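The primary structure of each chain is shown beneath.
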Amino acid sequence: AVKAQGLHGYRFFTALMNERAQARRRIETALRQALSRRELSLHYQPKVDAQSGRIAGAEALLRWQVNGHELYKPDQFIPVAEDSGLILPIGAWALRQACKEARLWQRNGQAIPVSVNVSPLQFQHADFYSWLDDVLNESGLDEGLLELELTERMVMSGGDATTGLLRRIRQRGVRLSLDDFGTGYCSLSYLKHFPIDALKIDRVFVHDLTSDRDTATITSAIIAMARSLNKMVIAEGVETREQSAFLRHAGCSQLQGFLFGAPMSAEEFQQLLAATT
Ligand code: C2E
Ligand code: MG
Ligand code: MG
Ligand code: MG
């Protein structure tokens, strides 16, 4: 009986695996054409200054839409793009597009920094720095208006070569931030070794901030420590006034989340900028 059940469980498991593999293949096939069909776009989410509430920057976030409908969410298609290598052309496109759009804001007298998420595969690519340099030169965007969002794992894994690359990027004038901070395995004490400008506190901390004492304590400690290392601290996923007040008092520099604005199309974001600056 046990054996039979085991076999059944195994069959169920492989069926599930097959389904998932097929879903990924479907996404990959469609994704191969998404760029040339102009189905990908960037949406922008405001980051606001914690003290003044004014827009202090924007994060560029990939969207995959056909006829105005979202086909897949980034959490579904970005892992597929990474596994298939498609993230290289897609990521290069996103970087160029974000710089182009931020250059437009700059031209309109609304110069705010744009942040672009970088995937590990892009960052590890031998040509990453020269891509970045080309994009900056091409777009004419002031390099101080570009920020790259990296993850802890990317920064931690590479050793001296990685630290060297981070330094070069920063010497070029581009800002660096650590995304989803607190969810990886970056020890706080390591931070002083990495040439990064800012930390983004992951939204799981922000979410539990006002309901869980330990989370509140840890979050305050992260903010205090980052500040004493002269890093900027940004909180992501801020949804309530209570979270916002806590984070402001704890010393966060910038806040980002649905409370201040969801990601929106480039057009909508430009209108928002024009209306508020
Ligand atoms: P991320 O970089 O940590 O981006 C923040 C995510 O949180 C975004 O999800 C954003 O829409 C969502 N978010 C913002 N405010 C709130 C809030 O108040 N509450 C909640 N619950 N969520 C909020 P999104 O756009 O679905 O992107 C998911 C992830 O996909 C990103 O996480 C990033 O890791 C990745 N991603 C997005 N665009 C790109 C890209 O151009 N390149 C790469 N490599 N990755 C990207
Ligand atoms: Mg990000
Ligand atoms: Mg994040
Ligand atoms: Mg994330």
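Above: the structure in question.
Residues numbered from 1 in each chain as written. Chains lettered and ligands numbered in written order. Predicted model: local features only at pLDDT ≥ 70, side-chain atom pairs only at ≥ 80, totals over all residues. Heavy atoms only, no water.

Q: Mind laying out the overall build of the protein chain, listing which residues take part and the relevant values?
A: From N to C terminus, the protein chain includes 11 helices and 10 strands. Relative to the compact-globule value of 19 Å for 277 residues, the protein chain shows a C-alpha radius of gyration of 20 Å, a close match. The principal-axis extents of the C-alpha atoms in the protein chain amount to approximately 65 × 50 × 40 Å. If you take every contact in the protein chain between residues at least 6 apart in sequence, the share linking residues at least 24 apart comes to 67%. Summed over all atoms, the accessible surface of the protein chain reaches about 14700 Å², with 50% contributed by carbon and sulfur. Positive and negative side-chain charges in the protein chain, numbering 31 and 32 respectively, have mean positions lying 2 Å apart. (Helix = DSSP H or I, 4+ residues; strand = E, 2+ residues; numbered from the N terminus. Rg over C-alpha atoms; globule rule 2.2 N^0.38 Å. Contact = heavy atoms within 4.5 Å. Areas by Shrake-Rupley, 256 points an atom, 1.4 Å probe, with all protein chains shown as cover. Lys, Arg positive; Asp, Glu negative; His and termini not counted. Charge placed at Lys NZ, Arg CZ, Asp CG, Glu CD.)

Q: I'd like to hear about the coordination of the magnesium ion (ligand 3), residue by residue, with values.
A: Around the magnesium ion (ligand 3), the protein contributes the donor atoms D179 (OD), D180 (OD), E236 (OE) and E236 (OE), at 2.2 to 2.5 Å from the metal centre. Mapping the donors of the magnesium ion (ligand 3) onto the primary sequence gives the spacing D-D-x55-E. Between the magnesium ion (ligand 3) and the magnesium ion (ligand 2), the interatomic distance is 4.0 Å, and D179 donates to each metal, bridging them. Of this pair, D180 sits in strand β6 (residues 175-181) while E236 sits in the loop between β8 (232-235) and α10 (241-250); the two residues are 56 residues apart in sequence, bridging distant segments of the chain. For D180, a relative accessible area of 25% translates into the label partly exposed. (Donors = N, O, S within 2.8 Å, 3.2 Å for Na, K, Ca; no water. Buried < 20%, exposed > 50% of the residue type's maximum accessible area, 1.4 Å probe, protein only.)

Q: An account of the site of ligand 1 is requested, with residue identities and associated values reported.
A: As a matter of local geometry, ligand 1 sits amid 21 residues, with R63, D179, R203, E239 and F258 nearest to it. Note that a nitrogen atom of ligand 1 is positioned 3.0 Å from one of the side-chain N or O atoms of Q45. Measuring from a nitrogen atom of ligand 1, one finds a side-chain N or O atom of E239 at 2.5 Å. Considering ligand 1 on its own, with 810 Å² of exposed area, one finds that the protein chains cover 84% of that surface. Within the residue set of the shell around ligand 1, elements represented by two or more residues are β2 (55-66), α2 (74-84) and β6. (Near = heavy atom within 4 Å. Polar contact = N/O pair within 3.5 Å; in protein donor to acceptor, adjacent residues only side chain to side chain.)

Q: Break down the environment of K47 for me, with residues and values.
A: As for its position among the elements, K47 is in strand β1 (residues 40-49). By relative accessible area, which is 2% here, K47 ends up buried. Along the chain, K47 and S253 lie 206 residues apart, while their C-alpha atoms are 10.0 Å from each other.

Q: Account for the side chain of T215, naming residues and giving values.
A: Note that T215 resides in helix α9 (residues 213-228). Exposure remark for T215: the relative accessible area of 11% places this residue in the buried category. Residues in contact with T215, not counting those within four places in the same chain, are F205, D208 and L209.

Q: Kindly report on the pattern of salt bridges, identifying the contributing residues and their values.
A: Counted by the stated rule, this structure contains 14 salt bridges. Between R96 and E138 there is a salt bridge, with the nearest N and O atoms lying 3.6 Å from each other. Of this pair, R96 sits in helix α3 (residues 87-107) while E138 sits in helix α5 (residues 128-139), and the two are 42 residues apart along the sequence. For E138, a relative accessible area of 57% corresponds to the exposed category. One salt bridge connects R175 with E147, and the closest N-O pair in it is separated by 3.5 Å. Here E147 lies in strand β5 (residues 146-151) and R175 lies in strand β6, a separation of 28 residues in the sequence. A residue is classified by how much of its surface remains accessible, and E147, at 4% relative accessible area, is buried. (Salt bridge = Lys/Arg side-chain N within 4 Å of Asp/Glu carboxyl O.)

Q: Hey, could you go over the packing of aromatic side chains for me, with residue numbers and the actual values?
A: In the structure shown here, the tally under the stated rule is six aromatic pairs. On the basis of an interplanar angle of 80 degrees and a centroid distance of 5.1 Å, the ring pair of Y44 and W105 is categorised as edge-to-face. Within this pair, whereas Y44 is found in strand β1, its partner W105 is found in helix α3, the two being separated by 61 residues in sequence. By relative accessible area, Y44 is classed as buried at 0%. The buried category is assigned to W105, whose relative accessible area is 1%. A connected cluster of aromatic rings, assembled from ring pairs, spans Y44, W105 and F269. Just above the ring of Y129 sits the side chain of R168; from NZ or CZ to the centre is 4.0 Å. (Phe/Tyr/Trp six-rings, centres within 6.5 Å; stacked < 30°, edge-to-face > 60°. Lys NZ or Arg CZ within 6 Å of the ring centre and 35° of its normal.)

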